[in-house]
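Observations on chain architecture
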Amino acid sequence: MDYEQYDQWSENARLAREEYVQGNLTAEEFLRKIDTTRELTSYEAGKVNLSDGPSRWQRLVARDFRFDPERYFPEKWYT
């Protein structure tokens, strides 16, 4: 994919995302639209149910404004 092709794909993906966020596309339709090289073997997508309340991260930050994410969520766990 050259630069111009990528630029066109990026714009089409942005427009498809807007359609998806607005509820005009299903997840499967969205994936089908952005997979122009047909690399995916399936367009099936599951649904994640988000909790109504604040996440663990949000609760930790709310309790302590000095919250250090590296302390609780390091990129690499050392043993």
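The rules behind the values
- Residues numbered from 1 in each chain as written.
- Predicted model: local features only at pLDDT ≥ 70, side-chain atom pairs only at ≥ 80, totals over all residues.
- Heavy atoms only, no water.
- Salt bridge = Lys/Arg side-chain N within 4 Å of Asp/Glu carboxyl O.
- Helix = DSSP H or I, 4+ residues; strand = E, 2+ residues; numbered from the N terminus.
- Buried < 20%, exposed > 50% of the residue type's maximum accessible area, 1.4 Å probe, protein only.
- pLDDT = per-residue confidence, 0-100.
- Patch = residues over 30% accessible without salt bridge, like charges linked within 9 Å, V, L, I, M, F, W, Y side chains within 5 Å.
- Areas by Shrake-Rupley, 256 points an atom, 1.4 Å probe, with all protein chains shown as cover.
- Phe/Tyr/Trp six-rings, centres within 6.5 Å; stacked < 30°, edge-to-face > 60°.

Let's talk about the pattern of salt bridges
- Throughout the structure, instances matching the rule amount to 4 salt bridges.
- In this structure, Arg14 engages Glu11 in a salt bridge whose closest nitrogen and oxygen atoms are separated by 2.7 Å. Of the two residues, Arg14 and Glu11 both sit in helix H1 (residues 3-21), 3 residues apart, roughly one turn of that helix.
- Since its relative accessible area comes to 39%, Arg14 is described here as partly exposed.
- Given a relative accessible area of 33%, Glu11 falls into the partly exposed group.
- In this structure, Asp64 engages Arg66 in a salt bridge whose closest nitrogen and oxygen atoms are separated by 3.4 Å.
- On the basis of relative accessibility, which here comes to 28%, the residue Asp64 falls in the partly exposed class.
- A network of salt bridges, in which partner residues are shared, links Glu11, Arg14 and Glu18.

Some words on the confidence of the model for the protein
- Per-residue pLDDT for the protein has a mean of 86; in total, 91% of the residues score no lower than 70.
- Mean pLDDT in the protein bottoms out at helix H4 (residues 69-72), which sits at 73, and peaks at helix H2 (residues 27-34), which reaches 95.

Remarks on unusual backbone geometry
- The phi angle at Arg38 is positive, at roughly 55 degrees, despite the residue not being glycine.
- Take Arg38: its relative accessible area is 54%, and that puts it in the exposed class.

Describing a nonpolar patch on the surface
- On the surface, a nonpolar cluster with roughly 250 Å² of combined accessible area is contributed by Trp57, Val61 and Phe73.
- Counting through the fold element by element, Phe73 comes out in the segment after H4.

Overview of the packing of aromatic side chains
- In this structure the tally under the stated criterion is 2 aromatic pairs.
- Between Tyr6 and Trp9, the aromatic rings sit 5.8 Å apart at their centres with planes inclined by 35 degrees, giving tilted as the arrangement. Here Tyr6 and its partner Trp9 are both found in helix H1, 3 residues apart, which amounts to about one turn of the helix.
- On the basis of relative accessibility, which here comes to 44%, the residue Tyr6 falls in the partly exposed class.

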